[in-house]
Structures are given as structure tokens and as C-alpha cells.
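Architecture and fold: a report
Single-letter residue listing:
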Amino acid sequence: MDDMEEWPEVERAATEKRRELVLQGASVDKRVSRDGGLPPAIYSLSLLNYLEVSQCPSLTEIHEDIQHLTNLQSLVLCRNKLRRIPDVIGSLKALKVLDLSVNNLEVLPEGITQLKELNTFNVSCNNLEALPEGLSQCTKLSTINISKNRITRFPADLYSEKLDLLSTLVASDNTIQELSEDIHMLPALKVLDLSNNKLSEIPSELSDCPKLKEINFKGNKLSDKRLEKMVNGCQTKSILDYLRGKGGQGKDRGDGDGGRGVPKKKRQQQRKKKDEEDELEEVNKMVVRVLSVSDSSAAPTVKVSAEVKDVRPYLVCCVVRGMNLKPGNALKRFLMAQTKLHDDICGKRTIATIATHDVQLLKGPLVYEVKAPTQLKIVPLGRREMTAVELMRHLQLEADELRKQKKRQNVSGLHKYLQLLQGKSLYPCLVDAEGHVISFPPITNSEKTKIKKTTKELFLEVTSATSLQTCKDVMDTLILKMVELNKFTAEHREEAGSDGEGDGPSEPTASSETSSELIIQQVRTVDQDGNLKVVYPSKTDLSKDLSNVTVIW
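All figures in this text were calculated on a predicted structure; none of them were measured in a lab. (Residues numbered from 1 in each chain as written. Predicted model: local features only at pLDDT ≥ 70, side-chain atom pairs only at ≥ 80, totals over all residues. Heavy atoms only, no water.)

1. A word on the environment of E9
Counted only if it meets this: Runs of H or I in DSSP of at least four residues are treated as helices and runs of E of at least two as strands, each being numbered from the N terminus. Should any heavy atoms of two residues lie within 4.5 Å, those residues are considered in contact.
Looking at the secondary structure, you find E9 in helix α2 (residues 8–15). Each residue touching E9, except ones within four places of it in the same chain, is listed here: L21, L23, V28, R31 and N531.

2. Focus: the nonpolar core
Short version of the rule: As used here, the term nonpolar core means buried Ala, Val, Leu, Ile, Met, Phe, Trp, Tyr and Cys residues forming a set that is joined through side-chain atoms within 4.5 Å. For every residue, the accessible area (1.4 Å probe, protein chains only) is compared with the maximum for its type, and the residue is labelled buried under 20%, exposed over 50%, or partly exposed between those bounds.
Of all hydrophobic cores here, the largest spans 75 residues; its most connected members are L51, L75, L98, F154, L192, L206 and F217. If you tally residues by element for this core, the top one is helix α5 (residues 236–248), at four residues. The residues touching F217, leaving out its near neighbours within four places in the chain, are L179, L192, L194, S195, L199, I202, L206 and V231.

3. A word on the packing of helix α7 (residues 330–343) against helix α9 (residues 468–491)
As a reminder, the rule being used: Inter-axis angles, ranging from 0 to 180 degrees, are taken between N-to-C directions of lines fitted to C-alpha atoms, where helices are fitted over the stretch in contact. Working rule for angles: under 35 degrees goes down as roughly parallel, over 145 as roughly antiparallel, 65 to 115 as roughly perpendicular, anything else as oblique. Working rule for handedness: look at the near helix, and if it is turned counterclockwise from the far one by less than a right angle, call the crossing left-handed; if clockwise, right-handed. In this classification, Asp, Glu, Lys and Arg are treated as charged, Ala, Val, Leu, Ile, Met, Phe, Trp, Tyr, Cys and Pro as nonpolar, and every other residue, Gly included, as polar.
One way to put it is that α7 packs onto α9 with a least axis distance of 11 Å and a crossing angle of 155°. Classified by the angle between their axes, α7 and α9 sit roughly antiparallel to one another. Of the two elements, α7 crosses α9, and the hand of that crossing is right-handed. On the side of α7, the interface is formed by A330, R333, F334, A337 and L341, while α9 contributes T477, L478, K481, M482, L485, F488 and T489. Considered class by class, the residues forming the contact of α7 with α9 number eight nonpolar, two polar and two charged.

4. Observations concerning the pattern of salt bridges
As a reminder, the rule being used: For this analysis, a salt bridge means a side-chain nitrogen from Lys or Arg found within 4 Å of a carboxyl oxygen belonging to Asp or Glu.
Inspection of every chain in the model, using the stated rule, returns 17 salt bridges. Residues R31 and E9 are paired through a salt bridge, measuring 2.7 Å at the closest nitrogen-oxygen approach. Separated by 22 residues along the polypeptide, R31 in helix α3 (residues 26–35) and E9 in helix α2 bring together distant segments of the chain. Pair check on accessibility: R31 and E9 agree, each one buried. In this structure, E228 engages K225 in a salt bridge whose closest nitrogen and oxygen atoms are separated by 3.2 Å. Taken together, the positions of E228 and K225, both in helix α4 (residues 225–231) and three residues apart, correspond to about one turn of that helix. Residue classification places K225 among the exposed residues on the basis of a relative accessible area of 54%. In the salt-bridge network here, residues are joined through shared partners; they are E6, R34 and D35.

5. Things to note about the confidence of the model for the protein
Caution applies to low-pLDDT regions: their predicted coordinates should not be interpreted in detail. How we decide: For every residue, the predictor assigns a confidence score, pLDDT, that lies between 0 and 100.
Predicted confidence across the protein gives a mean pLDDT of 83, with 81% of residues reaching 70 or more. At the low end of the mean pLDDT range in the protein sits helix α6 (residues 264–284), at 54; at the high end sits strand β13 (residues 353–358), at 94. Ignoring residues within four places in sequence, the model shows residues 250–262, a span with pLDDT below 50, making 14 contacts including any to other chains. Under a pLDDT of 50 for its full length, residues 498–513 has, in the predicted model, 27 contacts with residues more than four places off or in other chains.

6. Brief notes about the environment of V288
Structurally, V288 can be placed in strand β10 (residues 286–291). What V288 contacts, discounting residues up to four positions off in sequence, is V483, L518, I520, L542, V549, T550, V551 and I552.

7. Quick word on the pairing of strand β2 (residues 50–54)
We count it as follows: DSSP calls a pair of strands paired once it identifies at least 2 bridges connecting them.
Of all five residues making up β2, five are buried, and the element is well covered by its neighbours. Along β2, one buried face is formed by Y50, E52 and S54 and the opposite face, lined by L51 and V53, is buried too. As defined by bridge partners, strand β1 (residues 20–24) adjoins β2 across five bridges and the pair is classed as parallel. If you follow Q24 over to β2, its bridge partner there is S54. The pairing of β2 with strand β3 (residues 74–76) spans three bridges and is classified as parallel. By the bridge assignment, E52 is partnered in β3 with V76.

Next up, the structure:
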């Protein structure tokens, strides 16, 4: 097809059966302007679960054929000039993330209310005057951002107990005139931002939102001048306490109004107990905070050569901060967990391989490429520098000796993976800016970037010959395991270096190191021309089996 030739990204996505496609920037915008929109072929990529088209001012509408992308879980159409979204968007029943921010939308289609799986909805920075009625049908909504529009009111059904997962509502910089007393119907609400609107009152019922932790009403001209002063300078708890006291006036006489006649002292005791339960719940939850590529100018990028396609084509990477490896057996536990993942979910490295590096020892940019066995030189973990041919020979000799002795003492376990590269004329490797091979999957990574107790930031890589989704699933599992381990380390106050692996004398763990929160920095992998192949994590990642983990974007 002609449009396939003009749109190589779409052609690659089709031929390689990709599940992610990102089109952004000036070169894409030029083609959109020339063709009068996106190429029709894009709507035939039925395997896509992530589609992003952004930073294209020439893109003013999306064709109704978008309805054919029924596997989409994330649709990101931000920073364009979209004037309308087709109503058939409601056909995307698997959609979890919809980002239409920074466009020229004046109205939203009713079809959005049919997105039953939607959890993140961003329409900030448009020209909207209203939201569609029926959003309460999107019962899995967790985050709504409608900031910087012309919205005058919330739809009545937004205050619905059906939205029992809605935790973040950002509606700043609009012209909203009223916040209903039914706001307390949102039981999971944690963050509410209504700054710079036209509010004159804040209902006392807001203080009945049991999980509310952060509110912002700055820039509203409130009739209660004391409250107005408070919202411009006080913390959330003080404001809620004031509203609670204000709401209690005249309501403590037992008038039978839905239980509001409960004596004030008893209600305070009940609320205190609830607060303690909520605090315990928050402590028990493990936190993963994701930093997007745009949040950090230092975010690393990995360039992938075309030649890896026939060897080991799939790769995802990320950077993890906050993993405390210093106390006690923390490092040993992490390495053992990695080994177990290799044996289990990675199918003894036949499905995927994990490698970890100390970020401070990396010299970017990194390139994932292939080399001939005689040309690939690496300093394998615990060994001297050698070529891949020499390493494979050493491992084969060790394997033969192991079979003779029928015991494993002091013999590398890497011999188990020798067959994975049999018959390959080229080997995959990750190379740093100085030309040093730092990873040779699925065999080993380099002593040069080996993690230690003192490692503060880890660069994680997962490679596979199976599929990109396999890499993502393994990385998800690895990160969730790291969160569990970090929580265990924080709760068990071991001394640093107590297992003999430290670089210095034992010392008590610093209090600043006892947090179990992990920060995940996104890493982009791009092709040789700089076109995005994948970014990890995306908003469809880290979304499974998270009952005890909070992911903050």
C-alpha cells in the first residue's frame, strides 16, 4: 500500500505484529498535513494495545475507523489540534487510558460513557464547557483530569457511589460555580483540585470523604473569608477540620438525618478510628512512583539495531531508584529472587533473561546490537575479559567437568544456558558509549556494571526472543518483587554489611533508607533512526495483581 511506504512506522507495526505504536513530532506532522490525516492502514493494526499520536498540530480529527482497534488499552492523542472525537470511540471496550489533553475539543462524544474499563481520563487544556452525562457508568475510573477548560459544573452523576475507585479529580482553571454536598458519595477520593474556579462555598460534607488527603481551592473567592484565608495557606487536615466543625453546628441534636444526629464526641471517636485504619492501610500498601521520560532530562535511551531482529529482538528497560541493598542480606535476597524468576517465569532463561546494572557505572547512550562471537568481548561476572567464543568454551569445559564430578561446588551455573545460543552466527549484546559490552543475554552481564550494596540506582533490562509483551510481563513481576523485598528490608532493621558483602565496617541503617517506596524512571528504546519502539513502563504496565501496591503516575 502507498500509505505503508510513506508511513514506515505503520508498516513495521503491521509486519512485526507490534502491540505499541507511537507517532509524534515534526516529521509525523508534516505527513499528516500532506495526507489530510492519519494513514488508513493505521486502523487495521488490530493487535495494538497502545497507540500514541502526539505533537501534530495538523491533526484535527480521528477517523471513525478507530473503532476497529478493539484491543486498545491506551489511546494517547495529546498536543494536537483535534476538534472532534468520533462517538464510535465507545466501541473500544478494552480501553483503560484515554488522554485527549491539549487539543481544541469543545464537546465530548457520549460514547465515552460506554468505556467500562476506563481508569484514566485526561481532557485537560481544551475548550470544553461540559462533560457528558453518564460518566458514572465508567465504574473503574480512578483518575479524571479536566483542568484548563471552560467547564461550569460537574454532571450530577459524577457524585455517584458507583465511582467507588475514583481517587483523583483535577478540575483546576475552569469556571465551576458549585461543588455539590454529594461529594462525600465518592468513597475513594484522595486528591481534589478545584483551584482557580468560581466557587463561593465549600460544602462541609467534603470532610466526610474518608480517604481525602490533598485538596486545593486556591484562587476561589469564597464567602467565608476565614476559610478563603485557610485554603490559601493551610494544610488539608486543617481545612477539613474546620469544615467538619462548621458542618457540626446545629447538627448534633439527634435530628435523625441519616445518622448525622450521632453525638459529636462519638462521631469524633468513630472518625479517629477510621483515620487510624486508613493510616494502617496506607502503611501496609507498597508504593511505586513512575517518572515519565519528560520528567527527567537525564532519562536514558537505548538504541536498537535492526540486526537483533533475527537473534533476540525484544528488549525493555527502566531505571529503579530507592532500592535499599545495603542492610544485612538485602542484596543476597534480591539476587536470589532474580535467580528464582529466571527459573520460573523466565523458563530457565529460554523465555526471557533479566540483567541488572549499577547506573553510576553506565556510560550512555546504550546500544542493543549483535556481534560475531569472535568480536564480542566482555568481562563476565567473576571472570577476566574474554571473547564470547572463549567464554562459551570455558563454560562447556566446566559443564563437562561438572558431569564427571556430579556435584556443583564452585562451578558456574551458566553452563545450563549454553544450548540457547547454539547455531547462532551472531550474539546479542548491550554496549555502552565506550564500546564496552555490559550485557550478553542470555548468558551473563559484565563485572564492570555489577550491582553492589552501595548501588543507589539500578538499570534493569529484560530481553526475549518470544515477544515484547513477555519482556513487559517479566519486568512487571521483577519490579513488584523488588517492592516486596524493599518493604521487607524497611521493616527488618538489619545492620549494613552484616552478611559480609559490604565494602566497609558494619553500621546502623540510616533512617532515610527505611522507606520502601520505589521510583521507576521510564526508559525509551528507539530504532536506528530514533523512532520510538517502546517506552517502559507505559500506563498499561504495572497494572496486574496490584491489590497491595499503589502505582503513582
